[in-house]
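Here is how the chains run, residue by residue.
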There are 2 protein chains.
Amino acid sequence: MKDRAGSAGPPAHEVVYRRLREMILFGEMAPGQPVTIQGLVSDLGAGMTPVREALRRLTAEGALDFRGNRRIIVPVLDAATVSELTEARVALEPRLAQRAAQRCSAADLRRLAEIDARLDAAIAGGDLRGYLVENHRFHAELNAIAAAPVLSGLVEGLWLRFGPSLRVVCGRLGTQALPDRHKDLLAALDAGDAGAAAAAMEADVVQGMEQIAAGLP
Amino acid sequence: MKDRAGSAGPPAHEVVYRRLREMILFGEMAPGQPVTIQGLVSDLGAGMTPVREALRRLTAEGALDFRGNRRIIVPVLDAATVSELTEARVALEPRLAQRAAQRCSAADLRRLAEIDARLDAAIAGGDLRGYLVENHRFHAELNAIAAAPVLSGLVEGLWLRFGPSLRVVCGRLGTQALPDRHKDLLAALDAGDAGAAAAAMEADVVQGMEQIAAGLP
DNA sequence: GCGCCGAGAATATGATCAAATTCCGCGCTG
DNA sequence: CAGCGCGGAATTTGATCATATTCTCGGCGC
């Protein structure tokens, strides 16, 4: 028996990888939490090999941390790492926003606005996970519009690194304290103003990362 | 029998990973070349599982390309990808040079100068692989001095992507045509001039990537 | 306090299964 | 009669699993 019955499409390691990625991005894993292969094998009902490969992939992206020789944990960010992540995001994401502003169609803009509306609803409803999901989706959609797979991939990797810590910070502050900086961004995209889009993105990035830095242990 | 007798240090998948990484960086793999698990198993004398995990890690970093569902090849760069890689490198590497300039000690500088001397020797001697190795080592050392593991890791991933193509371009042009832009960089580091170091790095990056872009099929 | 021992967890192996690619022969068409 | 396309079988290759081996960590005895 190799594949679960009928699901011949996506390989198991890919499925496990996506599942773990969501768990990391949307706060189902706490920083510092140890990640054991066998635990995931029983939790996800997958075999050992796919789990191992997914973990290897995630550690390669920095989403998980090889602690010592044989232990994997969800990374705990320190001030220096947050600073570096901020620097990297500031270096990359405004460029993506700039590209997106130059390529954004009316349909793209409408889709972004819809996501942002759901994001507002999540904030209003105190739905933390919904906020994290829609916020990520907003940025992912923007990156898709930018049509820059290399840059987008780098940024996605960065998001994986601070996902767990972002969840902790937001959980502590509550969704009411979460600002929505996307309005400036949408306006800039609507106007096709690449410079303004980049500036708005930088503000969003810096503001978000400062929140994480402020919530460090 | 699992480990080679007595060598308990590095796990097999790590060894395989490092070996493949060198093969990619220093031109032992041609762009477009298919990479098969079984081929590597017999070539490297390793087991199947370590090879699989190393490949998964490299594909996660973009160093190898999942073509279709079942085929892995060394990536073939197109103009858009080179453009993106250039943009990413320009966004990141000058910042690392800047950091390095602020932290560079006399011993660091001496080490860099030694590497650069070997690089010059490789150019003079027509030693292509030596050029690639020392050029990479120069930048790796600089990144280590910058003490920014996140940024350095991102940049290392970018180098893996254009390694094979760089090799092709250099092989076509010959080592005599390879410029050495590191002198400006060393001077800036010696002077502790962070801005000049960043500018020199940007020039080096742009020049190198233009060479790759010019050599595209 | 230090070293030894056992339990648990991770690594590595090889076998095995499924899918895709390739290749070859057959029939069809010009 | 020769060239071309197509269908299926064989081979190649990737994915998964069960298991053996080794390493690490924690407790226990000296």
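Let me sum up the structure you'll find in this document. The model shown is predicted, which means the values in this text are computed figures rather than measured ones. (Residues numbered from 1 in each chain as written. Chains lettered and ligands numbered in written order. Predicted model: local features only at pLDDT ≥ 70, side-chain atom pairs only at ≥ 80, totals over all residues.)

**Description of the overall build of chain A**
Right, so step 1: When helices and strands are tallied, chain A shows nine helices and three strands.
Right, so step 2: Relative to a compact globule of 217 residues, whose C-alpha radius of gyration would be 17 Å, chain A shows 18 Å and is just as compact.
Right, so step 3: Overall, chain A is about 55 × 45 × 35 Å in size when its C-alpha atoms are taken along their principal axes.
Right, so step 4: Within chain A, the proportion of its 217 residues that are buried is 42%.
Right, so step 5: Within chain A, contacts between residues at least 6 apart in sequence are counted, and of these 76% link residues at least 24 apart. (Helix = DSSP H or I, 4+ residues; strand = E, 2+ residues; numbered from the N terminus. Rg over C-alpha atoms; globule rule 2.2 N^0.38 Å. Buried ≥ 20, exposed ≤ 12 C-beta atoms within 10 Å, placed from the backbone. Contact = placed C-beta atoms within 7 Å.)

**Comments concerning the sheet that holds strand β3 (residues 71-73) of chain A**
Residue and element names in this part refer to chain A.
Right, so step 1: Strand order across the open sheet formed by three strands is β1-β3-β2, with antiparallel pairing between neighbours. Of all the strands in the sheet, the pair left with one neighbour each is β1 (34-35) and β2 (65-67).
Right, so step 2: Across two bridges, the pairing between β1 and β3 is antiparallel. Across the sheet, Pro34 pairs through a bridge with Ile73, a residue of β3. (Pairing = 2+ DSSP bridges.)

**Focus on the interface of chain A and chain B**
Many structure descriptions define interface size as the accessible area lost when the parts assemble.
Right, so step 1: On the side of chain B, 20 residues touch chain A, which itself brings 20 residues to the contact.
Right, so step 2: Of the residues forming the side of chain A that touches chain B, the biggest block, eight residues, is contributed by helix α4 (residues 79-103) of chain A.
Right, so step 3: Within the side of chain A that touches chain B, the residues separate by chemical class into nine nonpolar, three polar and eight charged. (Nonpolar A, V, L, I, M, F, W, Y, C, P; charged D, E, K, R; others polar.)

**Quick look at unusual backbone geometry**
Right, so step 1: Positive phi, normally seen in glycine, also occurs at Ala147 of chain A, with a value near 55°.
Right, so step 2: Residue class for Ala147 of chain A comes out partly exposed when judged on the 15 C-beta atoms lying within 10 Å of it.

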